[in-house]
Amino acid sequence: MTSTAPSIALPPTRSERWLLAGITVLALVASFLIAKDRLTWCLEVIWAMVGLALVAWRWSRFPLTRLLCWLLLLHALVLIHGGAYTYSLTPGGFWLQDVLGTQRNPWDRLGHWMQGFVPAILARELLLRLTPLRRGGWLVYLVLAACLSFSAFFELIEWWAALVYGGEADAFLATQGDVWDTQWDMFLCLCGAATSLLVLSRWHDRQLGAAVLAGR
């Protein structure tokens, strides 16, 4: 560990790491086997596969906090569920639709809320560990900006997918006829990021530890 990335106070245990990785891999395999649309599956779960590979590759030099690891698993499962059934047809989404009384399957909305909720803690951890930035207004602003910029980039990916694959990308876009779908996606990402910072920052601070928070 270099001086620019001081050791964190609470990484997951070795058994936790194997559990987290095992759940992710099993979910990926199961979702592939039941996937209704393999193109949509690939476009949706590629983020979970790349994320798992990156975390595993860098773990010995840059372990993550226990909180962030479990959040990443939760986010991966949301993506994998959407990839397996397509976001418009997820069983979890239909259950939420019944509970909330919405007119559409809201799993896509949940996915974009998670797109802010989990990356906010990821961005916060990277900024506190790898830059001179400390806690305060600038940290909050940059975390929110990072989440929004990623959300906007993802909307560009959806646009490019539509241009390349045409009608075959409809399941990936999951607009369900909503002309304001792009705006809703980015707004929910912002709401998720803000909620994450409000609810999880103190918990995250304890797992980062005094050395990280002091920038030592």
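Residues numbered from 1 in each chain as written. Predicted model: local features only at pLDDT ≥ 70, side-chain atom pairs only at ≥ 80, totals over all residues. Heavy atoms only, no water.

## Re the overall build of the chain
Each helix and strand counted, the chain has nine helices and zero strands in total. Going residue by residue from the N terminus, the α and β elements of the chain occur as α-α-α-α-α-α-α-α-α. Burial statistics for the chain: of 216 residues in total, 44% are counted as buried. Long-range contacts, defined as pairs at least 24 residues apart, comprise 75% of the intrachain contacts of the chain with a sequence gap of at least 6. Summing over all exposed atoms, the chain offers an accessible surface of approximately 11,300 Å²; the carbon and sulfur share of this is 71%. (Helix = DSSP H or I, 4+ residues; strand = E, 2+ residues; numbered from the N terminus. Buried < 20%, exposed > 50% of the residue type's maximum accessible area, 1.4 Å probe, protein only. Contact = heavy atoms within 4.5 Å. Areas by Shrake-Rupley, 256 points an atom, 1.4 Å probe, with all protein chains shown as cover.)

## Section: the nonpolar core
Counting 19 residues, the largest nonpolar core has Leu64, Leu71, Phe117 and Leu200 as the members making the most contacts within it. Elements supplying a minimum of two residues to this core: α3 (66–85) and α5 (107–130). Sort the elements by how many residues they give to this core and α3 lands first, with seven residues. Those residues in contact with Leu64, other than ones at most four positions away along the chain, are Ile8, Pro11, Pro12, Val55, Trp59, Cys69, Leu72, Glu125 and Arg129. One finds Leu128, Leu139, Cys189 and Ala193 within the second-largest nonpolar core, a separate group that totals 14 residues. (Core = buried A, V, L, I, M, F, W, Y, C linked by side-chain atoms within 4.5 Å.)

## Structural notes on the packing of helix α1 (residues 14–34) against helix α2 (residues 38–58)
Each pair of packed helices can be described by the angle between their axes along with the distance between the axes. At a minimum axis distance of 11 Å, the contact between α1 and α2 shows a crossing angle of 170°. Taken as axis vectors, α1 and α2 run roughly antiparallel relative to one another. Mapping the contact onto sequence places Ala21, Thr24, Val25, Leu28, Ser31, Phe32 and Leu33 in α1 and Arg38, Trp41, Val45, Met49 and Leu52 in α2. Here the contact of α1 with α2 is composed, by residue class, of nine nonpolar, two polar and one charged. (Axes fitted to C-alpha atoms, helices over the stretch in contact; angles between N-to-C directions. Parallel < 35°, antiparallel > 145°, perpendicular 65-115°, else oblique. Nonpolar A, V, L, I, M, F, W, Y, C, P; charged D, E, K, R; others polar.)

## Comments concerning the side chain of Ser31
Along the chain, the position of Ser31 falls in helix α1. Filtering out sequence-adjacent residues up to four positions away, Ser31 remains in contact with Trp41, Ile80 and Ala84.

## Things to note about the packing of aromatic side chains
Using the criterion set out here, one finds six aromatic pairs in the structure. Relative to Tyr141, the ring of Trp138 has its centre 5.8 Å away and its plane inclined at 85°; by these criteria the two rings are edge-to-face. Of this pair, Trp138 and Tyr141 are both found in helix α6 (residues 137–165), three residues apart, which corresponds to roughly one turn of the helix. Taken together, Trp47, Phe150 and Phe154 form an aromatic cluster joined through their ring pairs. When the ring centre of Trp57 is taken as origin, the NZ or CZ atom of Arg58, which lies over that ring, is 5.4 Å away. (Phe/Tyr/Trp six-rings, centres within 6.5 Å; stacked < 30°, edge-to-face > 60°. Lys NZ or Arg CZ within 6 Å of the ring centre and 35° of its normal.)

## Digging into the environment of Gly209
For Gly209, the position within the fold is in the loop between α8 (181–208) and α9 (210–214). When the C-alpha atoms of Gly209 and Ser7 are compared, they prove to be 8.2 Å apart, with 202 residues separating the residues in sequence.

## Description of α8
At Leu200, α8 is deflected by roughly 60°, the largest bend along its length. Once α8 ends, the next one or two residues include Gly209, with phi positive near 95°. (Bend = angle between axes of the 7 residues up to and from the residue.)

## Considering the environment of Phe150
Residue placement: Phe150 occurs in helix α6. The spatial distance from the C-alpha of Phe150 to the C-alpha of Gly116 is 8.9 Å, given a sequence separation of 34 residues. Leave out the neighbours within four places in its chain, and Phe150 touches Trp47 and Gln115.

## With respect to α3
Between its first and last C-alpha, α3 extends 29 Å over 20 residues, near the 28 Å set by a 1.5 Å rise per residue. Backbone geometry just after α3 places Thr86 at a positive phi near 75°. (Expected span 1.5 Å × (residues − 1).)

## Notes on the packing of α1 against α3
With their axes 9 Å apart at the nearest point, α1 and α3 run at an angle of 5° to one another. What the angle tells us is that α1 and α3 run roughly parallel. Every residue of α3 that contacts α1 at Glu16, Leu19, Leu20, Ile23, Thr24, Ala27, Leu28, Ser31 and Ile34 is listed here: Arg66, Cys69, Trp70, Leu73, Leu77, Ile80, Ala84 and Tyr85. Of the residues assigned to the contact of α1 with α3, the class counts are 13 nonpolar, two polar and two charged.

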